[in-house]
Amino acid sequence: MIQITFIMKKQCDINRPNCRTFNKHLPLSMKKYIGFFLKYRKAVILAPALVIIDVACEIVQPDLMSKIVDNGVMHKDLHYILQTGGLMLFLSIVAIAANVGNIYYSSHASVGFASELRKGLFDKIQAFSFSNLDKFSSASLTTRITNDVNILQQVIMMSLRLLIRAPLMMLFAVVIAININSGLAVIIAVAIPVLAIAIYIILSRGLPYFEKMQKRLDQVNRVIQENLVNVRVVKSFVREDFEMKKFGYTNDDLREMAVKASGLVVLIMPVMQLVMNISIVAIIWFGGNKIISGAFQVGQLMSFITYITQILMSLMMLSMTIMTFSRAEASSERILEVLNTEVDIVDSTLAKEKKLVVTMGKVEFKNVYFKYHAQGEEYVLKNISLVVNPGETIAILGATGSAKSTLVQLIPRLYDVSAGQILVDDTDVRDYTLFNLRSSVKLVLQQNQLFSGTIKQNLKWGNIEATDDEIIAAAKDAQAHDFILSFPKQYETILGQSGVNVSGGQKQRLCIARAILKKPAILIMDDSTSAVDIATEAKIRASFKKHLKGTTIFIIAQRVSSILAADKIILLDNGEIIGEGTHDELLKTNTVYQEIYASQQLQTEAL
Amino acid sequence: MNEPIKSGEKLNLAGLPGRRGNIVIERPKNSRQAILRLWNYLKRQKWLLILALFLLLVNIASTLAGSYLLRPVVNHYILPHNLPGLIRMVFVLIGIYIIGAAAGILVNRLMVVVGQNTVRTIRAELFGKIQALPLRFFDANSHGELMSRFTNDMDNVSDCLNTSVLQLFTSGITLAGIFVLMLLISPVLTLVTLIIVPLMLWVVSAIIKRSKDFFTTQQIALGKVNGYVEEMITGQKVVKVFCYEDSSRKAFDEINDDLREKATSAQLYSGVMQPLVQNLNTINFALTATVGGFLAILRGFDLGGLAAFLLYSRQFGRPVNELSSEYNSLQAALAGAERIFQILDEIPEPADIKEAQILGRIEGNVQLKNVTFSYDQGKVILKNITLEAKPGQKIALVGSTGAGKTTIMNLLPRFYDIDSGQITIDGTDIKNIQRNSLRRSMAIVLQDTHLFTATVMENIRYGRLEATDEEVITAATLAGADSFIRRLPKGYQTKLENDGGNLSQGQRQLLNITRATVARPSILILDEATSSIDTRTEQIIQQGMDQLMKGRTSFVIAHRLSTVRNADEILVLEQGEIIERGNHEELLKQKGRYYQLYNGQFD
Ligand SMILES: Nc1ncnc2c1ncn2[C@@H]1O[C@H](COP(=O)(O)OP(=O)(O)OP(=O)(O)O)[C@@H](O)[C@H]1O
Ligand SMILES: Nc1ncnc2c1ncn2[C@@H]1O[C@H](COP(=O)(O)OP(=O)(O)OP(=O)(O)O)[C@@H](O)[C@H]1O
Ligand SMILES: [Mg+2]
Ligand SMILES: [Mg+2]
């Protein structure tokens, strides 16, 4: 054990980045992880305790055996042999019980830990804000919850056994060996440092390779994932060969690093064998000499050999455990990165106390400025001021990238403003709890998403308690009912991943239905009908007029026909409001609006 | 002496966290076939393998020889007090051990190389297969599920090839060797061992059989967790908007608890095997010591022999033990391999027929004749579609959502094959054209936008790999994307990540259009390519496109009629059938569906 701390310390002097993190994070991360063990603390304590029993039973066996040879056989004492043999047998059985117990508890502890950790991670990600999410790719978050947690589980399982067992075995073996013959024990004093240094050299070279390997594995995974998502693009441009070449490079890189890393660590075993065998030869030599001079016995020689191999094996196992630990360190860091992420949008204490709810649906922007990155140069939204009264329909029009989506995402507080204030029902959005705010402000995202499952399950996202009648009513309002009925299984139709088996417009209408299931005080539709034909869209508008009377509605759209009927049209350009008013007003006064109108005149002149 | 102590713990020699043993194991349904196929990959490195086998034999022989020599050393040199002989033997032993260690080092490295080469080959083949599979396959399989074959299953195979194969050989050969040596020393004592070994084997096989079921259920549970997490996180923004966090937490807890239960059982059963085998071996040791002691007294069995035998019997447990644990890891690898082979065995897009032509420069005459198509049997999506695009024409498809517009465009590049009817390009049935050459002749802007993790420049160049920077910029200007790209932090060199996550939807569409533009295709297909783009920008794009597509055929799908009004022919699609056709003026005169759409008069 002392040797190992020595190894770790030495290693870190070399100043390998990998190593530094090991030392720096390990104690810290341990603290962070303790919480996930709490539920299983009994198992965590019992598992190593049982190992101690096992080791105690185990360690005396070679000594007993040597006694059989030296006392029993030499003195021709049958009874003694039988007695000692019986004791050995008994101890073996106790060891079995202890071992089974250890496995039982360490399984519970490690799997339980992993389960709690997964839950902790999942909960944390559920609390992430949009800007938190922007920093991680979804693939990488998924890998962390499953793959990386699995690696930690394995390490815990291994530690609860080996981390106690190996040093104990070593300690006991050293003590007994010295007891048998302190002179011969000098061999141990030489062998241990030699092996320790060899292992240290191998590990310190191998660890950085492993870290690199992990990164290259990530790259390989990314290429694969992207190819799955973009399969239609690859096929349509006939880029299969290109992608295969691209993959070939990353694949080769990974192979190279895997060979380097694994190729180094597999050396530990033969090196250890060599050290062990040479030690045994040394014991035979010195021990043989002693026996020749009559100071030592054959049985003792044999048990000494057994003990020294035990010591070295334990040392190797310990280093293997440390190796696994260090490998798991990469995973641990990825997990901690998620756990330590500070969620930047949370309920304020004031909000929690007041528990306000949105009832009217009045929205007011007061000199709002916004940028996505605090250190970013330019504001995406500049000095936005705007009042929308309850029940009004507001249309937002503007060129691509003029920050329409950004603007509406601020209302349900998906991002926080950089400066200024947004009021809903005359209260700052930051003074509502997120739940209360978002329950009443429903946003249909521009990049909408359906989930695998039945259509009904998807719609229920809008309101888990919704009855079938309510679901059908919402689907009817969103003009989704008819096409749903055209499917053989109707509302029970199973959608594929992100809704691959419905058309673009069908997807959008399902998303609208989901949003209006629980009549919101404020409904925001971000380009939600772009793939819906004009006829269907008009019907949606008509049913909204009937069934969403008091609701304040924000519509972002590019078709003038979609927004004609709005109470107010906001014209956005490059993050600034450049026009505000009804269709007729804007048509008279605003040149940009006139241009937009002209470009679509085909449709509007007839209206 | 190869670790004559009990070395019960399973060592994972490559230092890879033991993901193999316990977590991701699916019992192979047909192990033999999987082994054979894996072997076929390994066989490609025949010479390395033969060399490895040779080195392995040297290594094992040296270990065994070392312990075998212990008996003569004790009997002939130590007990008779023969010092010169002892010195000689010590040097012989050292020599043997050094040779053994050298062989050991070489064989271990060699096997890592062989293993990783094999893994690379399989991975590349799997990736190649993914490229060759038809779209139907991707419609039916979730990404998370496929990715797990690349990661989890491949990991199992990789770990196994790295160490387990070698270990299996080592253990097997060592076991046989030790057994022979034990027989040589004392047949009677060997008999004692023989009583224990079957018991061990019985324990092992009993546990393996039981743990199989647990592993299978664990796998199912793990799959559920994986699938759920993947999908929820991909849709996390929707979760936030709908305050769905609590519901999703609850659902997650349920499947996570389920996984915990299943995993604990699996862990327990697979974990308990090694200590059990190891302890049974201790019992064996105790019995042998006792019986050996009796034999020495009653039958005059020599002491050196007893010493050596006891060492062997301790050694004996190690390979047995290792075999049992490697067996577990082998099973995991085979299960993984099977899942990989499943994909490799999937039916790829049908091969081009032998006489398939390569399209050269084409005129761009596209015809559909009585085309009928359905995604799933029983639900016909397209009925009897007939249309013709003459070279250089712009054909527009309009009609209500779900009418089948995207579907028609999916048929031209043969993403899906039609049920009946015929599609021709310049008079040639597309079935008689090499698929790649067919797809190269067209560029498609899909309704869903997709970008790669790469710079803007690289993303655009995806359309034509040889395009120069100037050509890329020209295309971007034509497609109206240049101005926003220049405003990005690093312009064309800005790296896009997460599918272009920090661009606006319209900006993503602009990049998709630019990518198609730079391809300079003979046939251009725009499926709602400008739906999220404002009409003024769209006009710029249209001018660019008209310039670009002069003399080339294009198809445009749009709900915004202003996008399609200048098309040569407009087809109105309803429920999979073409109900009206003609140019803008003609259709208005018909006073049919198009007229209604145009006038905003809806029933
Ligand atoms: N998550 C993000 N991180 C950083 N920048 C972003 C992010 N989302 C959008 N942007 C940038 O902010 C600007 C405004 O984007 P936004 O999505 O609000 O535009 P939009 O008006 O909705 O455009 P469109 O009509 O194309 O949807 C764009 O320049 C875009 O590149
Ligand atoms: N991969 C698929 N598997 C099964 N059914 C599908 C698949 N893709 C589309 N469909 C179904 O085929 C029909 C036609 O879909 P398609 O995408 O062609 O419509 P569309 O005319 O493009 O509509 P939109 O204007 O909404 O994009 C729809 O009913 C849809 O549900
Ligand atoms: Mg937007
Ligand atoms: Mg479509």
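Everything here concerns the structure above.
The rules behind each value
- Residues numbered from 1 in each chain as written.
- Chains lettered and ligands numbered in written order.
- Predicted model: local features only at pLDDT ≥ 70, side-chain atom pairs only at ≥ 80, totals over all residues.
- Heavy atoms only, no water.
- Near = heavy atom within 4 Å.
- Polar contact = N/O pair within 3.5 Å; in protein donor to acceptor, adjacent residues only side chain to side chain.
- Areas by Shrake-Rupley, 256 points an atom, 1.4 Å probe, with all protein chains shown as cover.
- Helix = DSSP H or I, 4+ residues; strand = E, 2+ residues; numbered from the N terminus.
- Nonpolar A, V, L, I, M, F, W, Y, C, P; charged D, E, K, R; others polar.
- Pairing = 2+ DSSP bridges.
- Buried < 20%, exposed > 50% of the residue type's maximum accessible area, 1.4 Å probe, protein only.
- Donors = N, O, S within 2.8 Å, 3.2 Å for Na, K, Ca; no water.

Section: the site of ligand 1
- Taken together, 21 residues lie near ligand 1, and K404, S405 and T406 of chain A together with S504 and G506 of chain B sit nearest.
- Surrounding ligand 1 are residues belonging to chains A and B, so the site spans chains.
- Q507 of chain B has a polar side-chain atom sitting 3.0 Å from an oxygen atom of ligand 1.
- Here ligand 1 has 630 Å² of accessible area as a free molecule, and 88% of this is covered by the chains.
- Those elements giving two or more residues to the shell around ligand 1 turn out to be α14 (404–409) of chain A together with α15 (505–518) of chain B.
- Within the shell around ligand 1, the residues separate by chemical class into 5 nonpolar, 14 polar and 2 charged.

Considerations on the sheet that holds strand β5 (residues 428–429) of chain B
Residue and element names in this part refer to chain B.
- Here we have 4 strands laid out as an open sheet, ordered β2-β1-β4-β5, and antiparallel in their pairing. The sheet terminates laterally at β2 (382–389) and β5, the two strands that pair on one side only.
- Here strand β1 (residues 366–373) pairs with strand β4 (residues 420–425) via 5 bridges, running antiparallel. Among the inter-strand pairings, L368 is bridged to a residue of β4, identified as I423.

As for the pairing of strand β3 (residues 394–399) of chain B
All names here are of chain B.
- Burial of β3 is extensive: 6 of the 6 residues sit out of reach of the surface.
- Alternating positions in β3 separate into two faces, K394, A396 and V398 on one and I395, L397 and G399 on the other, with burial throughout.
- By the bridge criterion, 5 bridges tie β3 to strand β11 (residues 569–574) in an arrangement that is parallel. Directly across from A396, in β11, lies its bridge partner I570.

A look at the coordination of the magnesium ion (ligand 3)
Residues and elements named next belong to chain A.
- The magnesium ion (ligand 3) binds to the protein through S405 (OG) and Q446 (OE1), with metal-donor distances spanning 1.9 to 2.1 Å. Placement of S405 in helix α14 and of Q446 in the loop between β6 (441–444) and β7 (453–454) is noted, with a sequence separation of 41 residues between them. A single burial state applies to S405 and to Q446, both of which are buried.

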